[in-house]
Amino acid sequence: MHSRAAPLIVLIAATSACGAGSGPVTTDAPTPFSASSTSTPEGFTASECAGVVGGKQVIVKLDMPKEFEPESTDPTDQTPDGQCTWRTSEERFFSVEIGEKESLADLNDELKEYEDIGGDDEVRDVAYDAATDTFGGLEGERLGWWSYSDGMPADCVHVQANGIRVFWQNPDDVEQRLDDLDAVLDSIELIRS
């Protein structure tokens, strides 16, 4: 079950390192911020993602839909500074990366190379916004696209601000539920100790 989404994540990891310097660069030392919404919506559960940035522990708190099971939330599983993942039985996927330095503009440029090529690794509907509301009242970046990777078509969204990057993947044959993503984004807050 986990192997089907992995190739898409590998594509993202491989392409995000290319073309550095073409867009805004976020900080690797995220500063604390509060959530836009302080109440946990019905059908969601409180979750945490811990990491270490600049030698200091940080915790991202967020509300996840209850059908998402934690996959990697142990600090020993996190790279480079902190990464946590959740997944559903229907292959919906969500991740948080703490300490991200590269701009989503770089990934946008790489995805454009695969746009409408047909077949495996094709992407469509790539949409990038460099000055948009993200989470915690912060302005940042948002990148969305449709991907066909290893026979698994899916809608994907990255949102990034203040050194925090989140990724949402939703298979084509599963209701998109972007309102769930919006609720997660509204709940994100960062605590630094």
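Procedures and definitions
Residues numbered from 1 in each chain as written. Predicted model: local features only at pLDDT ≥ 70, side-chain atom pairs only at ≥ 80, totals over all residues. Heavy atoms only, no water. Salt bridge = Lys/Arg side-chain N within 4 Å of Asp/Glu carboxyl O. Helix = DSSP H or I, 4+ residues; strand = E, 2+ residues; numbered from the N terminus. Buried < 20%, exposed > 50% of the residue type's maximum accessible area, 1.4 Å probe, protein only. Core = buried A, V, L, I, M, F, W, Y, C linked by side-chain atoms within 4.5 Å. Contact = heavy atoms within 4.5 Å. Patch = residues over 30% accessible without salt bridge, like charges linked within 9 Å, V, L, I, M, F, W, Y side chains within 5 Å. Areas by Shrake-Rupley, 256 points an atom, 1.4 Å probe, with all protein chains shown as cover. Lys, Arg positive; Asp, Glu negative; His and termini not counted. Charge placed at Lys NZ, Arg CZ, Asp CG, Glu CD. Pairing = 2+ DSSP bridges. Axes fitted to C-alpha atoms, helices over the stretch in contact; angles between N-to-C directions. Phe/Tyr/Trp six-rings, centres within 6.5 Å; stacked < 30°, edge-to-face > 60°. Lys NZ or Arg CZ within 6 Å of the ring centre and 35° of its normal.

Draft legend 1. Structural detail: the pattern of salt bridges. Tallying each qualifying case throughout the model produces 8 salt bridges. Arg87 is the salt-bridge partner of Glu71, the closest N and O atoms lying 2.7 Å from each other. With Glu71 in strand 3 (residues 69–72) and Arg87 in strand 4 (residues 83–87), this residue pair connects regions lying 16 residues apart in the sequence. The exposure class assigned to Glu71 is partly exposed, which follows from its relative accessible area of 30%. With relative accessibility at 6%, the residue Arg87 sits in the buried group. Between Arg124 and Glu122 there is a salt bridge, and its shortest N-O distance comes to 3.3 Å. For Arg124, a relative accessible area of 35% corresponds to the partly exposed category. The network of salt bridges with shared partners includes Glu67, Arg92 and Asp180.

Draft legend 2. The arrangement of the nonpolar core in detail. Ranked by internal contacts, the top residues of the largest apolar core, which has 27 residues, are Val60, Leu62, Trp86, Phe94 and Val96. Within the residue set of this core, elements represented by two or more residues are strand 1 (44–53), strand 2 (56–65), strand 4, strand 5 (93–98), strand 8 (152–161), strand 9 (164–171) and helix 3 (178–187). With sequence-adjacent residues up to four places away left out, Leu62 is seen in contact with Thr45, Ala46, Ser47, Glu48, Trp86, Phe94, Val96, Val184, Ser187 and Ile188. Formed by 10 residues, the second largest nonpolar core is a distinct cluster that contains Leu107, Leu111, Trp145 and Cys156.

Draft legend 3. A look at a negative patch on the surface. A cluster of like negative charges, contributed by Glu175, Asp179, Asp182 and Asp186, occupies part of the molecular surface. Overall, Glu175 belongs to the exposed group, its relative accessible area being 59%.

Draft legend 4. The arrangement of the sheet that holds strand 4 in detail. One open sheet holds the 7 strands; their spatial order is 3-4-5-9-8-7-6, and the pairing between them is antiparallel. Both edges of this open sheet fall to strand 3 and strand 6 (122–133), since each of them pairs with a single strand only. Averaged over all pairs of adjacent strands, the angle between their axes in this sheet comes to 15°, without regard to strand direction. Across 9 bridges, strand 7 (residues 139–149) lies against strand 8 in antiparallel orientation.

Draft legend 5. Quick peek at unusual backbone geometry. The backbone of Asp125 shows a phi angle near 55°, a positive value even though the residue is not glycine. Checked against the element boundaries, Asp125 lands in strand 6. With relative accessibility at 60%, the residue Asp125 sits in the exposed group. In this structure, Asn162 takes a positive phi of about 55° despite not being glycine. Turning to its location among the elements, Asn162 is positioned in the loop between strand 8 and strand 9.

Draft legend 6. Quick look at the pairing of strand 9. Counted residue by residue, strand 9 has 8 buried out of 8 residues, so it is predominantly covered. Pairing geometry for strand 5 and strand 9, over 6 bridges, is antiparallel. The partner of Glu97 across the bridge, within strand 9, is Arg165. Hairpin connection between strand 8 and strand 9: a loop of 2 residues separates the two successive antiparallel strands, and Asn162 in this loop has a positive phi of roughly 55°.

Draft legend 7. Local environment of the packing of aromatic side chains. With the rule as written, the count across this model stands at 7 aromatic pairs. For the ring pair Trp146 and Tyr148, a centre distance of 6.3 Å and an interplane angle of 25° mean the geometry is stacked. A relative accessible area of 10% places Trp146 in the buried class. Its relative accessible area of 29% is what places Tyr148 among the partly exposed residues. Feature note: the residues Phe68, Trp86, Phe94 and Trp168 constitute an aromatic cluster, connected by ring pairs. In this structure, Arg124 is placed above the aromatic ring of Trp146, and the distance from its NZ or CZ to the ring centre is 4.2 Å.

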